[in-house]
Structures are given as structure tokens and as C-alpha cells.
Amino acid sequence: MLRRIIDHRADYLYVLPALIVMLIVIAYPVYYTIELSLFNTPSNLQMKDKVFVGLDNYARILTSRSFREVTVNTLIWTVGSTFFSFLLGLGAALALHREFIGRGILRAVLLIPYVVSAVAASYVWKWLYHSDFGVIGALAVQFGITDRPINFIDNIHTVLPSLIVVNIWKEFSFAMIMMMAGLQTVPDQLLRAAQVDGANAWQRFWHVTVPHLKGVSMVTVLLLTVANFNSFIIPWIMTSGGPAGASDIWITQIYTIAFGRQRYGLASAYSVILFIVMMTLGYFYVRALTRGDETRPS
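Residues numbered from 1 in each chain as written. Predicted model: local features only at pLDDT ≥ 70, side-chain atom pairs only at ≥ 80, totals over all residues. Heavy atoms only, no water.

Points about the overall build of the protein
Thinking step 1. The helix and strand inventory of the protein stands at 15 helices and two strands.
Thinking step 2. With the C-alpha coordinates of the protein rotated into their principal frame, the extents come out at 75 × 70 × 30 Å.
Thinking step 3. Counting over 298 residues, the protein shows a buried share of 36%.
Thinking step 4. Look at the contacts in the protein between residues 6 or more apart in sequence, and 68% of them connect residues 24 or more apart. (Helix = DSSP H or I, 4+ residues; strand = E, 2+ residues; numbered from the N terminus. Buried < 20%, exposed > 50% of the residue type's maximum accessible area, 1.4 Å probe, protein only. Contact = heavy atoms within 4.5 Å.)

Structural notes on the layout of surface pockets
Thinking step 1. The space that makes up the largest pocket amounts to roughly 440 Å³.
Thinking step 2. Taken together, L94, A95, H97, R98, L183, V186, D188, L191, A201, R204, F205 and T209 form the lining of the largest pocket.
Thinking step 3. Of all the secondary structure elements, the ones that give two or more residues to the lining of the largest pocket are α4 (65–96), α10 (188–196) and α11 (201–212).
Thinking step 4. Considering every element that reaches the lining of the largest pocket, the biggest residue donor is α11, with four residues.
Thinking step 5. Of the residues belonging to the lining of the largest pocket, the class tally is seven nonpolar, two polar and three charged. (1 Å grid on protein atoms, 1.4 Å probe; cavity = no way out; pocket = protein on both sides within 12 Å on 5 of 7 lines; lining within 4 Å. Points joined across faces, edges and corners; volume = space filled by probe spheres on them. Nonpolar A, V, L, I, M, F, W, Y, C, P; charged D, E, K, R; others polar.)

Some details on the packing of helix α7 (residues 118–128) against helix α8 (residues 135–142)
Thinking step 1. Their axes nearest at 6 Å, the elements α7 and α8 cross at an angle of 30°. The orientation of α7 with respect to α8, classified from their angle, is roughly parallel. Each of W125, W127 and L128 in α7 lies in contact with α8, whose residues at this interface are V135, I136 and G137. (Axes fitted to C-alpha atoms, helices over the stretch in contact; angles between N-to-C directions. Parallel < 35°, antiparallel > 145°, perpendicular 65-115°, else oblique.)

Some words on the environment of V286
Thinking step 1. As for its placement among the helices and strands, V286 is situated in helix α15 (residues 264–289).
Thinking step 2. A sequence separation of 64 residues divides V286 from L222, and the C-alpha atoms of the two residues are 9.9 Å apart.

Comments concerning the nonpolar core
Thinking step 1. Residues I61, W77, Y129, M238, W250, Y270 and L274 are the most contacted members of the largest nonpolar core, which totals 34 residues.
Thinking step 2. Broken down by secondary-structure element, the contributors of at least two residues to this core are α3 (56–62), α4, α9 (159–183), α13 (233–238), α14 (250–260) and α15.
Thinking step 3. Per-element tally for this core: the top contributor is α15, with nine residues.
Thinking step 4. Those residues in contact with W250 that sit more than four places away from it in its chain are F67, V70, T71, T74, F229, Y270, I273, L274 and V277.
Thinking step 5. L90, A175, M180 and L213 belong to the second-largest nonpolar core, a separate cluster that totals 20 residues. (Core = buried A, V, L, I, M, F, W, Y, C linked by side-chain atoms within 4.5 Å.)

Quick look at the pattern of salt bridges
Thinking step 1. Evaluated as defined, the whole model comprises three salt bridges.
Thinking step 2. Between E69 and R65 there is a salt bridge, with the nearest N and O atoms lying 3.0 Å from each other. Note that E69 and R65 are positioned in helix α4 at a spacing of four residues, about one turn of the helix.
Thinking step 3. Judged by its relative accessible area of 61%, R65 is exposed.
Thinking step 4. E99 is the partner of R103 in a salt bridge, and the nearest nitrogen-oxygen pair spans 3.1 Å.
Thinking step 5. For E99, a relative accessible area of 68% corresponds to the exposed category. (Salt bridge = Lys/Arg side-chain N within 4 Å of Asp/Glu carboxyl O.)

Some details on α9
Thinking step 1. When the terminal C-alpha atoms of α9 are compared, their 35 Å separation across 25 residues agrees well with the 36 Å that a helix rising 1.5 Å per residue should span.
Thinking step 2. For α9, a buried count of 20 out of 25 residues is recorded, marking the element as mostly surrounded by other parts of the structure. (Expected span 1.5 Å × (residues − 1).)

Concerning the side chain of S81
Thinking step 1. Relative to the helices and strands, S81 resides in helix α4.
Thinking step 2. Once residues lying within four places of it in the same chain are set aside, the contact partners of S81 are I76, I164, N167, I168, E171 and N228.

Regarding the packing of α4 against helix α12 (residues 214–229)
Thinking step 1. One can describe the packing of α4 onto α12 by two numbers: an axis separation of 9 Å at closest approach and a directional angle of 145°. For the pair α4 and α12, the crossing hand works out as right-handed. Here T74, W77, T78, S81, T82, S85 and F86 of α4 come into contact with α12, specifically with S217, T220, V221, L224, T225, N228 and F229.
Thinking step 2. Class assignment of the residues belonging to the contact of α4 with α12 gives a composition of five nonpolar, nine polar and no charged. (Left-handed = near helix turned anticlockwise from the far one by under 90°.)

Looking at α12
Thinking step 1. The end-to-end C-alpha distance of α12 is 23 Å, a good match for the 22 Å that 16 residues give at a rise of 1.5 Å each.
Thinking step 2. Taken residue by residue, α12 has V216, S217, V219, T220, L222, L224, T225, N228 and F229 as its buried positions.
Thinking step 3. Tucked inside the fold, the buried residues of α12 contact α4, α9, α14 and α15.

Considering unusual backbone geometry
Thinking step 1. Of note, the bond from G242 into P243 is cis; its omega dihedral lies within 30 degrees of zero at -10°.
Thinking step 2. Here the phi dihedral of A244 falls at roughly 55°; this positive angle occurs in a residue that is not glycine.
Thinking step 3. Secondary-structure assignment places A244 in the loop between α13 and α14.
Thinking step 4. Backbone geometry at Q262 places phi at a positive 60°, although glycine is not the residue there.

Focus on the packing of aromatic side chains
Thinking step 1. In this structure the tally under the stated criterion is 19 aromatic pairs.
Thinking step 2. With 6.2 Å between their ring centres and 80° between their planes, F259 and Y264 make a pair best called edge-to-face.
Thinking step 3. Using a relative accessible area of 54% as the deciding quantity, one classes F259 as exposed.
Thinking step 4. Residue Y264 is classed as partly exposed on the basis of its relative accessible area of 22%.
Thinking step 5. An aromatic cluster is defined as three or more aromatic residues linked by ring pairs; in this entry it consists of F232, W236, Y255, F259 and Y264. (Phe/Tyr/Trp six-rings, centres within 6.5 Å; stacked < 30°, edge-to-face > 60°.)

See below:
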């Protein structure tokens, strides 16, 4: 990478203004967050009175019981949302890849969740889940599924799965778009040749379509994973991490520590931990995007 930068150093003059802006709005905040994570901030919010504590904030976070509980919630939230969003998006993409009447209209309808504001969607779903006035609970009672409305987001056992459902509804359209683009790269000649050789629909999908979707699938999963690790709007608006922390994830915990308890040093340490995870995922994302570049001629 360094050799490429040196060889194309003149080209970087064109992006120098953008690099300067990135240093100001990204690099400096990252540096200041890392620095602040090494201090204990006072209750009067006077940063000049902060006390250096070294890695004490990190030790306090990593050894706390709440961190373990929130980490489990974060993993369940991220893995569940990513897996089912991708699976549903892939299924929708395969269905829409076929020619049929009304395919364009159905595509537009399935894109609605992705283009709807996350704030608006969160409030709508919050009312749909409402234990007294929610449509979902009322329909469950009407059709005899339950005797009384289900308490979705006020129950510690159902709140996280309920939020994951909302997140899947919001994200699967993105996975669908990515996989539809990937399906365009599958050669029709190979599919027809496999059909002539006697391969059934499943064999054509598994041995022809899936290998061609490997790259776009990896990129899609990584993008969904990064988005879900950083997802804040849906869990915060719908439950604010409640009840009893049952839907608290890393990003909502950081917000609560920083702006609820006003412990910016501790929240900064938490943010650095999240930043390391994001950088790790970002590394694999860049590797997935640049795979094969090393073998291409300069």
C-alpha cells in the first residue's frame, strides 16, 4: 500500500482537501476519544479537572457484569439481524430475478422499508407492538392465538426478538438489492448447460449460482454486520435499552453512560472497544472489496 501511495503521490493532490477534512472531522475526534478514555471526568463536566487513570476505565468495563450482559445482547442483535436480513433478502432477490407480471411493482413495494426513515419506522412499530392499543396484539386476540394482547417490548423475554424483527424488516431490502445485483453476474449459459446436463433447480442454485454470489454475499454480510453493531435508532426509540436492560446493546450503553450518567471517560473507553471491533470488520470488508487486485496489472 505504501509503495502504491508513493508511485501515485501526484494523484493524492487532487484528494488532499478531502483528506484534510477527514483529518479534522474523523481523525481528531478519534484521537480525542482515545485520550479521554484514559481519564476520569469530573461530575461538574470541567474537562480541565479530569484525572488520569490509565487503563482503569477499560478494566472496569471488561470486568463488569453489565458489559457481559450487554455484549450477549449485542451479539444476539447483530447475528440475528444480519443472518435473517441476508436470508430474507436472498430469497426475495431469487424470487424477483424471475420474469413475471407485476415484478416492477413488487420490487418497489419491497424497497419501501429501506427508504422509510428509521425514526418513523421505530415509532410506527412501537405502536404496532403496544400491549394495549397495538394492532398485532389485537389481531392475535381476534384470531384466537392468545387470550390477551402480547406484551412484546415490555417483557424482558420478548423485547430483543421483537426489536430484531423490526430491524430485519428495515434491512432486508438492502440485502435484496445487493443480491439482485449479484444475480446479474451469473452467466445464463452456465445455468442452461447445467440444466441440459440434468441438474435440478437446487443443484443449479448450489453449484452455479452460489459460487458467483460468494463475493457480493461476503460484502453484504459485512456491511449488515457493521450497520447492526452501530445500530442505535431502533433500539433507543423503541425501548431505550429497557426493560431492565434486556434490549441494551453496546451503542445504547455508550449513549447512556455518556449523556445519562455524564461519565465521558468511561463512555470513551467503551467507544474505543467498539471502534476496535469496527476496524476489524472494516479490514475484512476492504479485503473482500480488493480481493484479486494484487494479481491485476498496475
